[in-house]
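# Structural overview for review
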There are 2 protein chains.
Amino acid sequence: MAEGSTLAAVAARAGVSIASASRALNGGIASTSTIARVQQAADDLGYRPNLMARGLQSGRTGQVAMLVPDAANPVYARMMSALQSELDAHGIRLLMQQVPAAPVDAVAALSAGLVDGAIVVALRVTDDVVAAVRTAAVPVVVLGLVETAGVDSVRADSHAGMGLLVDHLVAQGARRIGLIVGPVDTTPGRTRLDGFVAACERQGIAADLVEVADDFTHAAARPAARAMLDGGVPDAIVAANDAMALATLRECATRGLRVPHDLLLAGLDDTEPAELSVPSLTSIDLGAHDRARIAARTLLSRIDGAAPTGQQAVAPRLVVRESTTKETA
Amino acid sequence: MAEGSTLAAVAARAGVSIASASRALNGGIASTSTIARVQQAADDLGYRPNLMARGLQSGRTGQVAMLVPDAANPVYARMMSALQSELDAHGIRLLMQQVPAAPVDAVAALSAGLVDGAIVVALRVTDDVVAAVRTAAVPVVVLGLVETAGVDSVRADSHAGMGLLVDHLVAQGARRIGLIVGPVDTTPGRTRLDGFVAACERQGIAADLVEVADDFTHAAARPAARAMLDGGVPDAIVAANDAMALATLRECATRGLRVPHDLLLAGLDDTEPAELSVPSLTSIDLGAHDRARIAARTLLSRIDGAAPTGQQAVAPRLVVRESTTKETA
DNA sequence: CTGAAAGCGCTTACAG
DNA sequence: CTGAAAGCGCTTACAG
């Protein structure tokens, strides 16, 4: 662990002023020989500019944060990849931070100046969260449902996604469909429940078989799946996301229930584990990749001074796999 | 997006000097009335201290970074949780960044002063990486195998872990065992291959059925699994980690091969998906949680000025599940 | 093209 | 207990 050398040290070694050293290193106006000597000195010393000092001065850090509720959910890893490819082109570093469902403090902390902006996944978009986003000292793009004007957001249409799924299941012959959802005081929980109910009504089937898990995770979904199956085996089960669907699949296997033979099963998010599971899992692609890309571009333009764009949405797409198709089983 | 108010603004509003405002806010010496007025002014203005300014001055940022090669691998999410619980107690924020297998630049960039220290997962611990760690301006703890003195590291014993796995498979009756491993110029690739070969020799069985995938991911493991199975069905397959084992399981299913009936299958890391898969996957717990905890504590004491501890290791543990036990199949 | 100087927002001895 | 001042490391007009 070496002490980081300063610009002053580099300048001294090169025999020039600090100002000239700065210009030489940052592509400012400087003579060829100055540039050469400063570069040499910097290399010799292993000089690394102190980004806090630079940031204090310039107001830019070259960093952007992604705030997510659950680092273990593959959908966020996928979004992170998409974000990274957008940001890499601009030489901006992406950092991920795990935060609560209603990340008020974390959003407020963004104003501390350590990042140039942030992309925030908020499960609970409370008024406090919206307020924090609006008063943050840096641009923030919310991945989620925000109706407030002046706030940038990119949302999935999981209401429509649920519709696609229910329609598909009914087309496969299901009449009795259960839903395993997360907390309904969250945006995804509420939207997916509403979408499910609306789709069932449209199809003229009951929408009363619903289990609400404590969280959108594997662990929380397992007991919910148990509770639902204890009440009998429906024709099909839809889970609020792939992670929860996979926990349900596991519970089915434990009970000797075969998917799709004994019941159909589907999730949302279309993550990689859905593709790899046995049977592979039918899911709804909620456009994670596209949402991340749009969010990144929106954030970049906001950082460059553009005004908020408002809400943007990405359409869902049904991805049929083995878990809902009896013929290939 | 409100402009962040400064300490100067708070001080002015409270009618005190900047110095007094700073002391009042940070628990320094100040009169009760000063504290009250400054606090009030800060609240009114929604004041947030600029951490870059504070960091420049104090040399502390209150942030620590975790550098990982693959944000999508659940084992890193698990480590992140363990780290977070350790760091939360100290009011330190944890940020995750995805970096290359040999994160030389990323480690060097740590010296920019944006974090107080870092925990780095390096797949390839090259001399360059070690040099970057040693010369970084902040303490760095490497999660991986580093023999160099003066570098803090916490390693898993995957060599022994492979031994446990091979012994178990042989005990289950396997004689012909295949290995699907990642690049062997990485620490985990090399160690797991070596551990596999050593264990096979000890058991007196062949160790020549090896497929090397391009990466330690689902996607890279799938073609490797295909290649191996194209050559015939061994008694058992071991994959270098759970993600790769799950891809192999999927490939088996696609070919109509039943695990554990037609062949046994096991992975390493003991991640949540291993527990949830159907069949559930036998794996080796390489102590991700403990390693993260040890790394966090080591980093914290380094940040507090302690000298490097050197290498620490965590013992592996076999976790037997359905994928290697025919009786319960 | 180059150097002296100011200033980014904050903390911390140093005198009062 | 409080304020004026220096300084953390850097960038950027401003004169030369």
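Residues numbered from 1 in each chain as written. Chains lettered and ligands numbered in written order. Predicted model: local features only at pLDDT ≥ 70, side-chain atom pairs only at ≥ 80, totals over all residues. Heavy atoms only, no water.

Let us now look at the overall build of chain A. Secondary structure assignment for chain A yields 13 helices and 12 strands. Computed over its C-alpha atoms, the radius of gyration of chain A comes to 25 Å, more than 25% above the 20 Å expected for a compact globule of 329 residues. If you take every contact in chain A between residues at least 6 apart in sequence, the share linking residues at least 24 apart comes to 71%. Summing over all exposed atoms, chain A offers an accessible surface of approximately 12,800 Å²; the carbon and sulfur share of this is 50%. Averaged over its 28 positive side-chain charges, chain A has a centre that lies 4 Å from the centre of its 35 negative ones. (Helix = DSSP H or I, 4+ residues; strand = E, 2+ residues; numbered from the N terminus. Rg over C-alpha atoms; globule rule 2.2 N^0.38 Å. Contact = heavy atoms within 4.5 Å. Areas by Shrake-Rupley, 256 points an atom, 1.4 Å probe, with all protein chains shown as cover. Lys, Arg positive; Asp, Glu negative; His and termini not counted. Charge placed at Lys NZ, Arg CZ, Asp CG, Glu CD.)

Bringing the sheet that holds strand 8 (residues 236–239) of chain A into the picture now. Residues and elements named next belong to chain A. As summarised here, the arrangement of the four strands in space is 7-6-8-9, forming an open sheet in which the pairing is parallel. Of all the strands in the sheet, just strand 7 (210–212) and strand 9 (264–266) have a single pairing partner and so form its edges. Across the sheet, the axes of successive neighbouring strands diverge by a mean angle of 15 degrees, strand direction being ignored. Relative to strand 7, strand 6 (residues 177–181) runs parallel, the two being bridged by three bridges. Looking across to strand 7, one finds that Leu179 is bridged to Val210. In the packing of helix 10 (residues 218–230) onto the sheet, the strands contacted are strand 6, strand 7 and strand 8, and the crossing angle to strand 6 comes to about 155 degrees. Relative to strand 9, helix 11 (residues 242–254) is tilted by about 150 degrees, and along the sheet it contacts strand 6, strand 8 and strand 9. (Pairing = 2+ DSSP bridges. Axes fitted to C-alpha atoms, helices over the stretch in contact; angles between N-to-C directions.)

The partner chain B presents 53 residues to the 53 residues of chain A that form the contact. Summing the contributions of chain A and of chain B, the shared interface buries around 4,400 Å²; its carbon and sulfur component is 62%. At the boundary of chain A with chain B, the tally comes to two salt bridges. Across the pair A:Glu322 and B:Arg250 runs a salt bridge, and its minimum N-O distance is 2.8 Å. (Buried area = accessible area lost by both parts, 1.4 Å probe. Salt bridge = Lys/Arg side-chain N within 4 Å of Asp/Glu carboxyl O.)

In the region of DNA strand C, 25 residues are neighbours, and A:Ile29, A:Thr34, A:Gln57, B:Leu7 and B:Tyr47 sit closest. Per the 4 Å cut-off to the protein, sugar and phosphate atoms form 61% of the nearby atoms of DNA strand C. Residue A:Thr34 places a side-chain N or O atom 2.5 Å away from a phosphate oxygen belonging to DNA strand C. Interatomic distance of 2.8 Å between a side-chain N/O atom of B:Arg54 and a phosphate oxygen of DNA strand C. Of all elements in the fold, only helix 2 (18–25) and helix 4 (51–58) of chain A together with helix 2 (18–25) and helix 4 (51–58) of chain B reach the threshold of two or more residues within the surface near DNA strand C. Here the residues of the surface near DNA strand C are counted per class, giving 11 nonpolar, 10 polar and four charged. (Near = heavy atom within 4 Å. Polar contact = N/O pair within 3.5 Å; in protein donor to acceptor, adjacent residues only side chain to side chain. Nonpolar A, V, L, I, M, F, W, Y, C, P; charged D, E, K, R; others polar.)

The next thing to look at is the UniProt feature "domain: HTH lacI-type" (unreviewed entry) in chain A. Taking the numbering used here, the UniProt-annotated feature "domain: HTH lacI-type" (unreviewed entry) corresponds to residues 5–58 of chain A. When the span residues 5–58 of chain A is considered, its composition is 70% helix and 0% strand, and the gap between its end C-alpha atoms is 20 Å. (UniProt positions renumbered as here; feature names shortened; annotations may be inferred.)

What follows concerns the relation of the copies chain A and chain B. It takes a turn of 180 degrees to lay chain A on chain B, together with a shift of 0.0 Å along the axis; the resulting RMSD is 0.1 Å. The superposition operator between the copies reduces to a two-fold rotation axis. Taken as a fraction of all interface residues of chain A, those also at the interface in chain B reach 100%, which identifies the copy contact as same-surface. (Least-squares fit on C-alpha atoms with pLDDT ≥ 70 in both.)

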